[in-house]
Structure formats: structure tokens, C-alpha cells
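Listed below are the residues making up each chain.
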Amino acid sequence: MTVQDTKAPAEVRSGAPDTEPRQLLRGQKALVTGANSGIGKATAIALGRAGADVVVNYVVGDDSAEAVVEEIRRSGVKAYAHRADVSNEDQVTQMFAKMVAELGTVDILVNNAGRQKDAKFTDMTLADWNAVISVNLTGQFLCAREAVREFLRRGIVPSVSAAAGKIICMSSVHERIPWAGHANYAASKGGIMMLMKSIAQEFAPHRIRINSIAPGAIRTPINTEAWNTPEAYHSLMALVPYGRIGEPDDIARTAVWLACDESDYLVGATLFVDGGMTLYPGFTENG
Ligand code: NAD
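Residues numbered from 1 in each chain as written. Predicted model: local features only at pLDDT ≥ 70, side-chain atom pairs only at ≥ 80, totals over all residues. Heavy atoms only, no water.

**Student:** Would you mind showing me how to read the overall build of the chain here?
**Tutor:** On a plain count of helices and strands, the chain comes out with eight helices and seven strands. Whereas a compact globule of 287 residues would reach a radius of gyration of roughly 19 Å, the chain reaches 19 Å, a difference of no more than 12%. Across its three principal axes, the chain shows a C-alpha extent of roughly 55 × 45 × 40 Å. Here the chain, with 287 residues, has 51% of them falling under the buried criterion. (Helix = DSSP H or I, 4+ residues; strand = E, 2+ residues; numbered from the N terminus. Rg over C-alpha atoms; globule rule 2.2 N^0.38 Å. Buried < 20%, exposed > 50% of the residue type's maximum accessible area, 1.4 Å probe, protein only.)

**Student:** Which parts of the structure should I look at to understand the pattern of salt bridges?
**Tutor:** Where charged atoms from two side chains of opposite charge come close, those side chains can pair. Counted according to the given criterion, the structure contains 15 salt bridges. The residue Asp107 makes a salt bridge to Arg154 at a minimum N-O spacing of 3.6 Å. A residue pair is termed long-range when its members are at least 10 positions apart, and Asp107 in the loop between α4 (89–103) and β4 (108–111) and Arg154 in helix α5 (residues 126–154) qualify at 47 residues. No difference in accessibility class separates Asp107 from Arg154, as the two residues are buried. Its salt-bridge partner being Arg209, residue Asp264 comes within 3.7 Å of it at the nearest N-O pair. Of this pair, Asp264 sits in the loop between α8 (248–259) and β7 (270–273) while Arg209 sits in strand β6 (residues 208–215), and the two are 55 residues apart along the sequence. Classification of Arg209 by relative accessible area gives buried; the value is 3%. Each member of the salt-bridge network shares a partner with another, and the members are Glu89, Arg145, Glu146 and Arg149. (Salt bridge = Lys/Arg side-chain N within 4 Å of Asp/Glu carboxyl O.)

**Student:** Whenever I open this one, the site of the ligand confuses me. Can you help?
**Tutor:** Inspection of the region around the ligand gives 27 residues, with Asn36, Ser37, Asn112, Tyr185 and Thr220 positioned closest. Here Ile39 contributes a backbone N or O atom positioned 2.8 Å from an oxygen atom of the ligand. A distance of 2.9 Å separates an oxygen atom of the ligand from a polar atom in the side chain of Lys189. Mapped by element, the contributors of at least two residues to the shell around the ligand are α2 (38–49) and α6 (183–203). Among the residues forming the shell around the ligand, the class breakdown is 13 nonpolar, 12 polar and two charged. (Near = heavy atom within 4 Å. Polar contact = N/O pair within 3.5 Å; in protein donor to acceptor, adjacent residues only side chain to side chain. Nonpolar A, V, L, I, M, F, W, Y, C, P; charged D, E, K, R; others polar.)

See below:
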């Protein structure tokens, strides 16, 4: 019997040790988009624990954003919440200008904000399409552009980091795996892959590192119906060879590593953090 056959959703947790993190990001300034929920929230808190000052971007939910800020401040670093729609150019520009005014600069951008608006392709409206592309892809473009402008202005500060700046794009296994009924979402993530690689290529000579994380199935509000009943969880596990759902902290730890100098030679890569979802488990028994 496999692990996935024996565990109910609530009992299956990340096996990683809960150790005190080293201050790998001490003195760095990080902006996390969509940081009042799910993966962004866990990542913002983990960056703070690693010593970074953190801007918590969100678009709705003042209370949940303030709660994340409070949690980050418990690590003894600075944090504040900033409401901005990442698909709105003026709001993004103002968010970065305020961060430079408040914290001095930007060292790390986690381009995380994202959404789904699923529909059968023949029923998908232009509004459904634009809603997803404008946040998931255009939002990453707008935020990355502002971050790179600031990295270029400031350059490398060797006492802070070996790189002039780091961007982590939150992609998905659906930058690789087609997803019927979610053409807008899969197209946005495929677009992130080439956006990330193209700008990683353009700015690597300036010692700017741009990489992506491609999460598999992570337990967050974006996909509740995929894990919140035993039946749904069981069928989800058919796609996950490792036999458990991912937790937001699985992604947060990866983001901290990508943001720090321990990953200094990693440029233009996508890390699949997916419990083996992209190993095509349907082929395990000879296809
Ligand atoms: P979530 O719904 O918990 O969080 C999404 C966040 O994005 C929220 O804070 C939301 O308010 C924010 N957001 C949405 N529109 C925004 C806008 N216009 N401006 C600013 N913020 C906005 O979902 P999550 O699972 O934590 O998703 C985070 C990222 O991870 C997304 O890019 C998603 O595509 C990606 N991802 C998630 C999974 C998963 O299984 N949960 C898998 C692969 C990729």
C-alpha cells in the first residue's frame, strides 16, 4: 500500500523540518505580489524570517494583508501592505516608487499574483481571457520592468548580494502541461516561461537573476475544490507520484533559496516544485 492510499488530506503535511532559518536575506528589500493569501503569504513571511524587509502587495482584503504584515514584523524586520492591481500600470509604478522612497531600493521581486477564470474553450469570453492574461502575464511584465529599472539604477552592492537583483516568477506546471478548460491560465503560464527566459537573457550581463518556480498542486484557496474532500484529494493524488499535496511553505522555502546568494549561479531556470507531477505518472504502468 502506498502513502497516498493511507492518508486523509488533513493528515498529510510537508515533511520538511521546522528549523530556525538563517538570515540569508539580511538587509534586503523584497516585494511580493498577491501576498495576502496562499503561496504569496507564505513566501512573504519566509522572506521576513530570512531577514528581508517586505512589502505585502494585495488587491482586495485589507485585514488579511495587515495580518501578514504583523506576522512578518515578528521577525524584527520592516513590513507594510500596499494595495495595487498588478495589471494597472500606474498603480504598479506608484507601488515601486513608494517602496524606493520607504525602504531605499528593491532587491527581490516575487511576481506571484495570479488568478483563474476557467471556462470550456467555446464558452470562454474575451473578458475571461483578458482577466487572466492581464493579471498573470501583463502583471508580471509590469512589475518585472519596474524592478529591473531599479536594479539597473542601483547596481550591485556587494555587502548585500552578489547580484544586482533577483526576480522570482510564479509560474505553474501548466507552463508545460496543457490544461483543457483552462486555456487562458495555461497560456498565461506558458507566456511567463518565455517572458522570464527572455529577460533573464537580456539582464544576466548586469548580474540580475531571473528565475521561475512552477508549483504543482499546492493547498491554497485558488484550487480548494481539488483537495477539500477525501474523494477530490484521492483523485488529485493520481497526478502526484510523491503522494501528498504541496503546502505553501514548500514553495516559500524554494523562493527564499532562489532569492539568496546560495543560488547565485542559477539564471533563467524554472524549478518544478510539484511532487513529481511533471514526471507524467500516467505512464508509470507502461502508459
Ligand atoms: P491565492 O488565490 O491564494 O492567491 C492569489 C493572490 O493573488 C491573492 O493574494 C490575490 O489577491 C492576488 N491577486 C489576484 N489578482 C491580483 C491583482 N490584480 N493584483 C494584485 N494581486 C492580485 O492562490 P495561490 O495558489 O497562492 O496562487 C499564487 C500563485 O501561484 C499564482 O500565480 C498561481 O497561478 C500560482 N500557482 C498556484 C498553484 C496552486 O496549486 N495553488 C499551482 C501553480 C501555480
